[in-house]
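What follows is the residue order along each chain.
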Amino acid sequence: MEYFEDLLKNESELPEKLPDWVNRLNASYPAWKLVKRIKAERLSYISKHLKPSDYRVKKAYQISGSEIAKEIGISKVTLLSTSTYSNAFKGYLTDVNAELAKAKEMRIAKTRISKSRGPIAKNKDELVEETKHLKEEISVLEQRNAVEQIEKIIDSLQPDIADLLFVKQKNGKCDVHRIKPNTKLEGL
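**Topic: the nonpolar core**
So, point 1. Counting 25 residues, the largest nonpolar core has W21, V35, I63, I68, L79 and F89 as the members making the most contacts within it.
So, point 2. Put simply, the parts of the chain that give this core at least two residues each are α2 (28-48), α3 (65-72), α4 (76-82) and α5 (86-113).
So, point 3. Not counting the four nearest positions on each side in its chain, L79 is found in contact with A31, G65, I68, A69, I72, I74, Y85, S86 and F89.

Now the structure itself:
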């Protein structure tokens, strides 16, 4: 356990590699850190949501400049237009949003292609046809199972009892499909 704590401690002591436009003395640094944090949140959202309807609202998977400005407490205009780092920040935000949009599209495409989605991926006609086919298969299997059970019961009968029941046996096995009485029992 100490190994992991030491590793975490050493990792936190490493200096962060900042882009050229980021300066710890102005609002570019908290904006950059916030974009990184929100990007991780959006990627987490993308990894957990499969349906295109989950992405109807852009703010679910994109980051807006006004959201960043509001969070760090400066005006949108200052962050995106008037500061020396504004153009570089807008470019960085555009790149991050493009990456998030690509991740969203890949996630949706992956779920569309995936056959593991079962009935969700099929349309109604395909489901109706498959259900019809499965019902026919079940009825055939039920009939086969009933015949096998009857044959097994009759095979377990003693030959003299089977003769009394008018069941013909060949080589100790009965043929259920051709069960016909040889004679009529009198008095029954």
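**Here we look at the pattern of salt bridges**
So, point 1. In the structure shown here, the tally under the stated rule is four salt bridges.
So, point 2. We note a salt bridge from E41 to R37, for which the minimum N-O separation is 2.7 Å. With E41 and R37 both in helix α2, this residue pair falls four residues apart, about one helical turn.
So, point 3. Here K39 makes a salt bridge to E99, at a shortest N to O gap of 3.0 Å. Note that K39 is positioned in helix α2 and E99 in helix α5, a separation of 60 residues in sequence.
So, point 4. We classify K39 as buried; its relative accessible area is 19%.

Rules and cut-offs
- Residues numbered from 1 in each chain as written.
- Predicted model: local features only at pLDDT ≥ 70, side-chain atom pairs only at ≥ 80, totals over all residues.
- Heavy atoms only, no water.
- Core = buried A, V, L, I, M, F, W, Y, C linked by side-chain atoms within 4.5 Å.
- Buried < 20%, exposed > 50% of the residue type's maximum accessible area, 1.4 Å probe, protein only.
- Helix = DSSP H or I, 4+ residues; strand = E, 2+ residues; numbered from the N terminus.
- Contact = heavy atoms within 4.5 Å.
- Salt bridge = Lys/Arg side-chain N within 4 Å of Asp/Glu carboxyl O.

Interpretation note: all reported values are geometric properties and have no functional meaning in isolation.
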